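# Chains, contacts and geometry: an overview
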There are 2 protein chains.
Amino acid sequence: MRYSKSHKEDTRRKLLDSSRALVKKGGFDSTGVEALMSAIGLTPGAFYSHFPSKQALLEEVIREEMQYSLSMLKPQPADGGSTLNQRTKAYLSVPHAEHPEAGCVLPALGSELARIPVEVKSIIEDGLKDMHSVWNDELKDENAAWAVIAQCVGAVILARSVKSDATRREILRANRAQVDALLRSRARSD
Amino acid sequence: MRYSKSHKEDTRRKLLDSSRALVKKGGFDSTGVEALMSAIGLTPGAFYSHFPSKQALLEEVIREEMQYSLSMLKPQPADGGSTLNQRTKAYLSVPHAEHPEAGCVLPALGSELARIPVEVKSIIEDGLKDMHSVWNDELKDENAAWAVIAQCVGAVILARSVKSDATRREILRANRAQVDALLRSRARSD
DNA sequence: GTCTATATCTAGATAGAC
DNA sequence: GTCTATCTAGATATAGAC
């Protein structure tokens, strides 16, 4: 065969990794197949050897992204046991606001998610429930767990929607302070 | 003249009102000029008698939407003096989640706002600061004011991103409960 | 001001050569 | 598996008739 048997999965892997970043940066609808393929040095025609449609790629991107976001939320053995509070500070940071391509898919696609097909919404829902579970383990409060997830996603979206760096920093700082206060109050009452 | 002098502004008004709803429902990029014009019974060619470009329409849509959202947030003489808590309950409601075309522009466009030109981001920023001011008047807490705005926007986006009605209701209910608790605790300490 | 017609561009997707 | 070429459909925007 002209291509080794691992070549296809290598290319697919590269396409997925590259596409995840591009889609988070530019949005799904406005990022074309040509852009996705040329980013890995291929031409658009080759796309359809890996996915039957652009829509199918989106489904896989969302699946991997939700898994990635969840893994970032959970305590990592590798990072020396960072606290949930530390990880939230990173989420509500200027670098995260300025680099959607490396961040969480929820604020990056945000409102586009309201218009995706139901199969993809199932993936989102499952991932969100897992995230809620992680927060609830820490907070022991189902309502507060949903609220803090919503707050974090909303804060990053707002931070990315304003013009001035000063307001962006202010929005993020205020939200960090609120989450910090919430976590401290829960720790005291434990 | 073949058209009365008020005809142009009438058409422009109809186009803007109609476009505001369509853009919130379908997104800005994915709603074409043809769709915007046929919604008011005209053909695409006539669009450019009112706006030099689709981009110019977006700017006006955002301007009016931010003003509208702000007016909904402020106490209305007409509604018998509803409380901020009552208005927030309406924001975090299933009807709002299910009808983006009639709701707030922030969760409706959400992540698309991260990619709009800076002129439009200025409008968003000014509107957000006004909203923050309204919340701060009530809460007397700058951080909490930013947090609750982020939470409300994020909650509606999440509610629209999940598949099941049950989870959608749960996300909204939990967030309503949290905002309610925040407002009550502030009222006590006044 | 609005219409019809069209120019121009770009999108997603397919066909056949290599 | 990838490339080149192309089909079809849709977009924004323009030109000229009414």
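In the block above lies the structure referred to throughout.
Now for a look at the structure at hand. Small disclaimer: the values here were computed from a predicted structure and weren't measured.

All names here are of chain B. For W135, the location among the structural elements is in helix α7 (residues 118-139). On the basis of relative accessible area, W135 is assigned to the buried category, the value being 4%. Distance from W135 to L84, taken between C-alpha atoms, is 8.4 Å for residues 51 residues apart in sequence. With near-sequence residues (within four places) excluded, W135 lies in contact with L73, L84, T88, A145, V148, I149, V179 and L183.

This brings us to the packing of helix α8 (residues 142-161) of chain A against helix α8 (residues 142-161) of chain B. Remark: α8(A) packs on α8(B), axes separated minimally by 6 Å, with the N-to-C direction vectors making an angle of 100°. With respect to each other, α8(A) and α8(B) are oriented roughly perpendicular. Where α8(A) abuts α8(B), its residues A147(A), I149(A), A150(A), Q151(A), V153(A), G154(A), A155(A), I157(A) and L158(A) lie against A147(B), I149(B), A150(B), Q151(B), V153(B), G154(B), A155(B), I157(B) and L158(B).

Take the packing of aromatic side chains next. Residue and element names in this part refer to chain B. One pass over the full model with this rule turns up four aromatic pairs over all chains. Between F47 and Y48, the ring centres sit 5.0 Å apart and the planes meet at 75°, which makes this aromatic pair edge-to-face. Of the residues examined, F47 reaches a relative accessible area of 0% and is grouped as buried. Over the ring of F28 we find K54, and its NZ or CZ is 4.6 Å from the ring centre.

Calculation criteria
Residues numbered from 1 in each chain as written. Chains lettered and ligands numbered in written order. Predicted model: local features only at pLDDT ≥ 70, side-chain atom pairs only at ≥ 80, totals over all residues. Heavy atoms only, no water. Helix = DSSP H or I, 4+ residues; strand = E, 2+ residues; numbered from the N terminus. Buried < 20%, exposed > 50% of the residue type's maximum accessible area, 1.4 Å probe, protein only. Contact = heavy atoms within 4.5 Å. Axes fitted to C-alpha atoms, helices over the stretch in contact; angles between N-to-C directions. Parallel < 35°, antiparallel > 145°, perpendicular 65-115°, else oblique. Phe/Tyr/Trp six-rings, centres within 6.5 Å; stacked < 30°, edge-to-face > 60°. Lys NZ or Arg CZ within 6 Å of the ring centre and 35° of its normal.

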